[in-house]
Amino acid sequence: WDLLAPHFAGIVTFIYGADAPLYMFVYTGTIASDEVVENDEGVMAWIPKEKLFDLNLWAGDVKFLEPLLLGQTPFDIKVVYDEKGRLIESQTWK
């Protein structure tokens, strides 16, 4: 996808057990086409915003999706999972 007029929304730091942290930089913007492109990330589909939290999401995903959808940006969020994938900590800085 070609992201037009990107706007930085925030950063999310994911920590899984003893693994090295992963950093996700979140941007919003407009795309040139709403065509769903096949890739190796899984099944892609456009989800209406009001249905987003009906999906089977990781607990930490909710921590950044809520402020993103409410326009509470920029954000800096850290989510920490244990070795079994359970969310054990989250912190938000604005």
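Residues numbered from 1 in each chain as written. Predicted model: local features only at pLDDT ≥ 70, side-chain atom pairs only at ≥ 80, totals over all residues. Heavy atoms only, no water.

**Quick word on the pattern of salt bridges**
Part 1 of the argument: Applying the stated criterion to the full structure yields two salt bridges.
Part 2 of the argument: Residues Arg 86 and Asp 82 are paired through a salt bridge, measuring 2.7 Å at the closest nitrogen-oxygen approach.
Part 3 of the argument: Relative accessible area serves as the criterion here: at 48%, Arg 86 is assigned to the partly exposed category. (Salt bridge = Lys/Arg side-chain N within 4 Å of Asp/Glu carboxyl O. Buried < 20%, exposed > 50% of the residue type's maximum accessible area, 1.4 Å probe, protein only.)

**A word on the sheet that holds strand β2 (residues 22–31)**
Part 1 of the argument: Spatial strand order, β2-β1-β3-β4: four strands in an open sheet with mixed pairing. Since the sheet does not close on itself, it has two edges, and those belong to β2 and β4 (87–93), each with one partner. Here the strands of the sheet are splayed against their neighbours by 20° on average, with no regard to which way each runs.
Part 2 of the argument: The pairing of strand β1 (residues 3–16) with β2 spans nine bridges and is classified as antiparallel. Looking at β2, one finds that Thr 13 is bridged to Tyr 23.
Part 3 of the argument: Its contacts with the sheet place helix α1 (residues 59–69) against β1, β2, β3 (75–81) and β4, and it is angled at close to 170° to β3. (Pairing = 2+ DSSP bridges. Helix = DSSP H or I, 4+ residues; strand = E, 2+ residues; numbered from the N terminus. Axes fitted to C-alpha atoms, helices over the stretch in contact; angles between N-to-C directions. Contact = heavy atoms within 4.5 Å.)

**A short note on α1**
Part 1 of the argument: Those residues of α1 lying buried are Gly 60, Asp 61, Phe 64, Leu 65 and Pro 67.
Part 2 of the argument: Next to the buried residues of α1 lie β1, β2, β3 and β4.
Part 3 of the argument: Once α1 finishes, Gly 71 follows within two positions and takes phi at roughly 75°, a positive value.

The values are spatial; any link to function lies outside them.
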